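Architecture and fold: a report
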2 protein chains.
Amino acid sequence: MNLDNIRIVLVNTSHPGNIGGVARAMKNMGLSRLYLVAPRQFPDEQASWRAASAGDVLDAAVVTATLDEAIADCQFVVGTSARGRRIPWPLQDPRSCARRMASASATEQVAVLFGREDRGLTNEELQLCNLHLNIPTSADYSSLNLAMAVQVVCYELRMLLDAGQLPASEDDEWDAPFATRDNMERFYQHLEQTLVDVEFLDPAAPRQLMTRLRRLYSRVRLDEMELNILRGILTETQKWVRKAQPQDVSGASGAEDYTPKTK
Amino acid sequence: MNLDNIRIVLVNTSHPGNIGGVARAMKNMGLSRLYLVAPRQFPDEQASWRAASAGDVLDAAVVTATLDEAIADCQFVVGTSARGRRIPWPLQDPRSCARRMASASATEQVAVLFGREDRGLTNEELQLCNLHLNIPTSADYSSLNLAMAVQVVCYELRMLLDAGQLPASEDDEWDAPFATRDNMERFYQHLEQTLVDVEFLDPAAPRQLMTRLRRLYSRVRLDEMELNILRGILTETQKWVRKAQPQDVSGASGAEDYTPKTK
């Protein structure tokens, strides 16, 4: 477990005071890497005031224009979410989630995403995640303050760190590194293009197909070798489509060619 | 366990904003009984603002002049404390403490005391307690915001309350049944045949390809709808291969035809 490999990513935060509260909650629990995706107001004196003695976390915060930039190099991405999304995603409480994050953090870059104060993360943002984290609440009032949510998650990580005993996880002794978000995105683009090529996906009526496939492959957490295999299959499939449509050969596919390194 | 028998007692709170944050944290986790011992400023609009939709908790808050009044009828009193008091006291982390409070709350009145923002509870106040609760922190910065500390304790109570109701796994609330072994095996056969058809898999030198793909898809636990999608893609892919090889159309593929029911 390595807290330095776990970043907290706040997406489109409205109130700078919350950013300060988050910084303090993080430092209290031993985390230091804060990413701010297009915050409405930052830096700000409200943020500094609420951060109290965690000004160093604020100073070191990385501000990005897009979520993609903030998580491009991450192999494990967790999104905080309320229950009841239309398409269910693997959903865990903060405790189970912290276990997964903690073991991944030994060798990988981990991100936990927190959405806007008023409406959380979008479905699109949630679909970038390997896992969704839900903080249990009373049915009467389920909307936690942003900094409180960060506090709960960081607290669970701290409890694990102090316990000093981590469960064995899938990440240990795996035979290939897990795929980065960047490479996953390239795979999804390639997959989508191939499905259009084979006429399984109608771009005019895509329905939930890509969403379901993204859920499937983000759930499994592909390793780089598996990614190579899948992209190799896509490339071969595209070749057959071109062969069957010789007249279209020049522009049959928008996806880059890809030669699998490993089968 | 009865959350209505557990009260949160704030002693000499300085900042009304914190009182509001506490009220919200309590209501989020299903607690409602707030006691304020000689608060510096209450009621206050900062408190109401931070309480957001927990104004009812603030309205019902009991203000007392002394700590004794606030806990007179309690059978079990817990005091939050930093480590390293001069006189050692039974000290537990929030998780163990929550278990003790939860079981006591079935039949007894339970209080959790939170001290002043700047210096916590006095030794005298701590000596009124049955148990001391310590929230683990980084050695670099051990002073939690008051409302954050309440959030952590209430969260642990909530986790206990929900235990057994939370999804232990992804299976709960999933939108499609998980695939049977039978159907998985048919999928693997179909996948293997398709990979042979597209000449990605050489039956004479299969190497570890199918093993890796089986590991991938068994790891993810496909649901039946996902299985339908994947088999639909395979079927389309095979059609393109046949189209490109019209001379072989009769026996191009050994796999059964499959029409996806759902995309």
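The paragraphs below set out a description of the structure included in this document. (Residues numbered from 1 in each chain as written. Chains lettered and ligands numbered in written order. Predicted model: local features only at pLDDT ≥ 70, side-chain atom pairs only at ≥ 80, totals over all residues. Heavy atoms only, no water.)

1. Quick word on empty space enclosed by the protein
Residues and elements named next belong to chain A. Heads up, the condition is: With a 1 Å grid laid over protein atoms only, a set of points is called a cavity when a 1.4 Å probe fits there but cannot get out and a pocket when it is open yet has protein on both sides within 12 Å along at least five of seven lines; lining residues have an atom within 4 Å of a point. Grid points are joined across faces, edges and corners, and a volume is the space filled by probe spheres set on the points. Residue polarity is assigned by list, with Asp, Glu, Lys and Arg as charged and Ala, Val, Leu, Ile, Met, Phe, Trp, Tyr, Cys and Pro as nonpolar; anything else, Gly included, falls into the polar class. What counts as a helix is a DSSP run of H or I of at least four residues, what counts as a strand is a run of E of at least two, and both are numbered from the N terminus.
Summed over all chains, the structure comprises three cavities of 30 Å³ or more. In this model, the largest cavity occupies a volume close to 280 Å³. The residue inventory of the lining of the largest cavity, partitioned by class, reads 16 nonpolar, four polar and no charged. In this structure, the second largest cavity spans a volume of roughly 110 Å³. Lining the second largest cavity are 16 residues, with Q75, N130, A179, R181 and M184 sitting closest to its centre. Take the lining of the second largest cavity: its biggest share by element is three residues, from helix 8 (residues 181-197). Counted by class, the lining of the second largest cavity contains 10 nonpolar, four polar and two charged residues.

2. Looking at the pattern of salt bridges
So the rule is basically this: Salt bridge, as used here: a side-chain nitrogen of Lys or Arg that lies within 4 Å of a carboxyl oxygen of Asp or Glu. Using a 1.4 Å probe on the protein chains alone, a residue whose accessible area is under 20% of its type maximum counts as buried, one over 50% counts as exposed, and one in between counts as partly exposed.
According to the stated counting rule, one finds 24 salt bridges over all chains in the structure shown. Among the ionic pairs, E125(A) bridges to R116(A), the shortest N-O distance being 2.8 Å. Judged by its relative accessible area of 12%, E125(A) falls in the buried class. Among the residues examined, R116(A) registers a relative accessible area of 9% and is labelled buried. A salt bridge links R215(B) to E226(A); the shortest N-O distance between them is 3.8 Å. Taken together, the residues span two chains, with R215(B) in helix 9 (residues 209-220) and E226(A) in helix 10 (residues 224-244). Of the residues examined, R215(B) reaches a relative accessible area of 25% and is grouped as partly exposed. Among the charged side chains, a salt-bridge network with shared partners connects R95(A), E156(A), R95(B) and E156(B).

3. A short note on the environment of G120(B)
Turning to its location among the elements, G120(B) is positioned in the loop between strand 6 (110-114) and helix 6 (123-126). As for G120(B) and S143(B), which are separated by 23 residues in sequence, their C-alpha atoms are 9.7 Å apart.

4. Some thoughts on the interface of chain A and chain B
Stated formally: The criterion used for residue contact is that any of the two residues' heavy atoms lie within 4.5 Å. Here the quantity called buried area is the total loss of accessible area, with a 1.4 Å probe, experienced by two parts when brought into contact, counted for both. Any N or O atom pair separated by 3.5 Å or less is treated as a polar contact, with the protein-specific requirement of one donor-capable and one acceptor-capable atom, and with residues adjacent in sequence counted only for side-chain atom pairs.
Listed as interface residues are 75 residues of chain A and, on the opposing side, 73 residues of chain B. Taken over both partners, the interface formed by chain A and chain B buries close to 6700 Å², and the fraction arising from carbon and sulfur atoms is 63%. Taken together, chain A and chain B are joined by seven salt bridges. Summed over the shared surface of chain A and chain B, the result is 26 residue pairs in polar contact (both at pLDDT 80 or more). When residues of the side of chain A that touches chain B are traced back to their parent elements, those giving at least two are helix 1 (16-29), helix 2 (45-51), helix 5 (94-104), helix 7 (146-163), helix 8, helix 9 (209-220) and helix 10 of chain A. Residue contributions to the side of chain A that touches chain B peak at 12 residues, all from helix 10 of chain A. A breakdown of the residues in the side of chain A that touches chain B according to their chemical character gives 39 nonpolar, 13 polar and 23 charged.

5. A word on the sheet that holds strand 4 (residues 76-80) of chain A
Residue and element names in this part refer to chain A. Our working rule: Pairing between two strands is assigned when DSSP locates at least 2 bridges connecting them. Lines fitted to the C-alpha atoms define the axes, with helices restricted to the stretch that makes contact. Angles between their N-to-C directions range from 0 to 180 degrees.
The seven strands are arranged 3-2-1-6-4-7-5 in an open sheet whose pairing can be described as parallel. Each of the sheet's edge strands pairs with one partner strand only, and the pair in question is strand 3 (62-64) and strand 5 (91-92). Of the strand pairs in this sheet, strand 1 (residues 6-11) and strand 6 (residues 110-114) are connected by five bridges, and their pairing is parallel. Directly across from I8, in strand 6, lies its bridge partner V112. Set on the sheet, helix 1 makes contact with strand 1 and strand 2 (33-37); between it and strand 2 the angle comes to about 160°.

6. Things to note about the nonpolar core
Selection rule: Among buried residues, the Ala, Val, Leu, Ile, Met, Phe, Trp, Tyr and Cys ones that are joined through side-chain atoms within 4.5 Å form a nonpolar core.
The biggest cluster of nonpolar side chains holds 90 residues, and the ones touching the most others in it are I8(A), L34(A), I8(B) and L34(B). Of the residues forming this core, the biggest block, 12 residues, is contributed by helix 7 of chain A. The residues touching I8(A), leaving out its near neighbours within four places in the chain, are V22(A), M26(A), L31(A), R33(A), L34(A), Y35(A), V112(A), F114(A), V150(A) and C154(A).

7. Quick notes on the environment of C97(B)
All names here are of chain B. Counting through the fold element by element, C97 comes out in helix 5 (residues 94-105). C-alpha separation for the pair C97 and L133, spaced 36 residues apart in sequence, amounts to 6.5 Å. Setting aside residues up to four positions removed in sequence, C97 forms contacts with V78, Q92, L131, H132 and L133.

8. Brief notes about unusual backbone geometry
At the junction of F42(A) and P43(A), the peptide bond is cis and its omega measures out at -5° in the coordinates. Inspection of the secondary structure puts P43(A) in the loop between strand 2 and helix 2. At A52(A), a residue that is not glycine, the phi angle is positive and equals roughly 50°. By the element assignment, A52(A) lies in the loop between helix 2 and helix 3 (55-59). For N12(B), which is not glycine, the phi torsion reads 50° and is therefore positive. Summarising the element assignment, N12(B) is placed in the loop between strand 1 (6-11) and helix 1 (16-29).

9. Considerations on the pairing of strand 6 of chain A
Residues and elements named next belong to chain A. Across the five residues that make up strand 6, a large majority, five, are buried. Going residue by residue along strand 6, you find V110, V112 and F114 tucked away on one face and A111 and L113 tucked away on the opposite face as well. For strand 4 and strand 6, the ladder comprises four bridges, and the chain directions are parallel. Its bridge partner lying in strand 6, G79 is registered against L113.

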